[in-house]
Amino acid sequence: MFPLQLNDEEKAKLVDTIDAVVRKTMAMDLTWDWPCGVAFHGVTKAYEVTKNEEYLKMLIQYVDNYIELGLPSWNVNTCAMGHTVLTLYQETKDEKYLDIIKSKVEYLRHDALRFGDHVLQHTVSSNNDFPEQAWADTLFMAAYFLLRAGVMFDDKEIIEDALNQYYWHIEYLQDKATSLWYHGYNNVNKDHMSGFYWGRANAWAAYTMSQVGHTLPQCYLYPKFMDVDCSLRDQLAALKLLQTENGLWRTILDDPESYEEVSASCGIAAAMVENGNPLHFPYIKKAYEGIMNNITPDGRVENVSGGTAVMRDKEGYRNVPKKWTQGWGQGLALTFLSSILKRVQ
């Protein structure tokens, strides 16, 4: 039995909170980039669970307007909007969305910078931003999108490419001693740069790994899925021990002087929900209370850290501002709340 058994009043509050976050998100004037990609992924999750057609219409209006204005060039981060376009195509079968999906897949498969065993280098522009660096962010922005597209097209090569990204990001970024994830890996220097367990990196990893089994039919027939499954199992076992009394996780997970950070908390808690291990139910319940306490009546998700590069030291992470409303905070909160609503209906 799922740990949250909400009465009618509590369920109505959850639905109202999701609605407020959606409306605030859609009013933010987010451009076609990773903040928007994460934000609108959350809106698609809210649509899927509530079946509120207004959410779908808002997404269609946004994407169609942007097509008329002109889409940006692709990089790993701009490919995050692929999640929204995938959902729009699945719902409408409009060929213009399919064309964008194919274009993003073509870029990632044949034009994106790679290193080592065909590992996607993290890019935020058309430049060689971070030579031979793997970031956990890439799993959400690109690998998970490739997996979804590969399944939709029933294309084994795309699926294997996506799983290869998971495999090597696990190899590069998950600390075997702690099972936590580093923010990034530099293949040139063979190190993790500053080497901290950044909270949102662990959220990108945990949430996207939790989706592989739900997305990929007969996932057990793919050997690399076993690595994903075991990596997530060990990571969540470690993460549960680092949850704070407020039900959240810190921006540096094991640093008591780092602030509690809500977007990471949403991603980690959503992974626990999606993974479905009953041993995590008490932590999910505690996270639900903590996250709801950080959402304002008008739908702003609070205490979300700003966009974060691989910082030089602990102070760099500790001092990233958390006073602004961010697209990724909105989107990860919607992802978590929608996963809850799906299971209490």
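Overview of the structure.

Each value, and the rule that gives it
Residues numbered from 1 in each chain as written. Predicted model: local features only at pLDDT ≥ 70, side-chain atom pairs only at ≥ 80, totals over all residues. Heavy atoms only, no water. Core = buried A, V, L, I, M, F, W, Y, C linked by side-chain atoms within 4.5 Å. Buried < 20%, exposed > 50% of the residue type's maximum accessible area, 1.4 Å probe, protein only. Helix = DSSP H or I, 4+ residues; strand = E, 2+ residues; numbered from the N terminus. Contact = heavy atoms within 4.5 Å. Axes fitted to C-alpha atoms, helices over the stretch in contact; angles between N-to-C directions. Parallel < 35°, antiparallel > 145°, perpendicular 65-115°, else oblique. Left-handed = near helix turned anticlockwise from the far one by under 90°. Expected span 1.5 Å × (residues − 1). Salt bridge = Lys/Arg side-chain N within 4 Å of Asp/Glu carboxyl O. Patch = residues over 30% accessible without salt bridge, like charges linked within 9 Å, V, L, I, M, F, W, Y side chains within 5 Å. Areas by Shrake-Rupley, 256 points an atom, 1.4 Å probe, with all protein chains shown as cover. Nonpolar A, V, L, I, M, F, W, Y, C, P; charged D, E, K, R; others polar.

### Some thoughts on the nonpolar core
- Of all hydrophobic cores here, the largest spans 125 residues; its most connected members are W204, F336 and I340.
- Of all the elements, helix α6 (residues 137-153) adds the most residues to this core, at 10 residues.
- Setting aside chain neighbours within four positions, we find F336 in contact with C266, A269, A270, V273, I284, A287, Y288 and I291.

### Observations regarding the packing of helix α9 (residues 223-239) against helix α10 (residues 262-275)
- At a minimum axis separation of 11 Å, α9 and α10 run at an interaxial angle of 125 degrees. Considered as vectors, α9 and α10 are oriented oblique to each other. Here α9 and α10 pass one another in a crossing that is left-handed. Of the residues in α10, those touching α9 at L232, L236 and L239 are I268, A271, M272 and N275.

### Some details on helix α5 (residues 95-111)
- When the terminal C-alpha atoms of α5 are compared, their 23 Å separation across 17 residues agrees well with the 24 Å that a helix rising 1.5 Å per residue should span.
- Against α3 (53-69), α4 (82-92), β1 (114-115), β2 (119-120), α6 and α7 (156-173) lie the buried residues of α5.

### A few points about the pattern of salt bridges
- Evaluation of the coordinates by the stated rule reveals 18 salt bridges.
- Where D161 meets R109, a salt bridge forms, and the shortest distance between an N and an O atom there is 3.1 Å. Here R109 lies in helix α5 and D161 lies in helix α7, a separation of 52 residues in the sequence.
- When the shortest N-O distance is used, the salt bridge between E245 and K286 registers 3.8 Å. Residue E245 is found in the loop between α9 and β5 (249-250), and its partner K286 is found in helix α11 (residues 281-292); the two are separated by 41 residues along the sequence.
- Relative accessible area serves as the criterion here: at 70%, E245 is assigned to the exposed category.
- The class for K286 is partly exposed, based on a relative accessible area of 26%.

### Regarding a nonpolar patch on the surface
- Side chains of Y220, L221 and M226 sit close together on the surface and give an oily, nonpolar patch of about 340 Å² of accessible area.
- Within the fold, L221 resides in the loop between α8 (199-215) and α9.

### Overview of the side chain of Q133
- For Q133, the position within the fold is in strand β3 (residues 133-135).
- Q133 sits in the buried class, given a relative accessible area of 9%.
- Residues contacting Q133, with those up to four places away along its chain left out, are F115, L120, Q121, H122, Y185, N186 and M193.

### Remarks on the packing of α3 against α5
- The interhelical angle for the contact between α3 and α5, taken along N-to-C directions, is 70 degrees, at an axis separation of 12 Å. Comparing the axis directions of α3 and α5 gives the class roughly perpendicular. In terms of crossing hand, the pair formed by α3 and α5 is left-handed. The segment α3 lies against α5, with I60, V63, D64 and I67 engaging K96, Y97 and I100.
- Partitioned by chemical class, the residues of the contact of α3 with α5 number 5 nonpolar, no polar and 2 charged.

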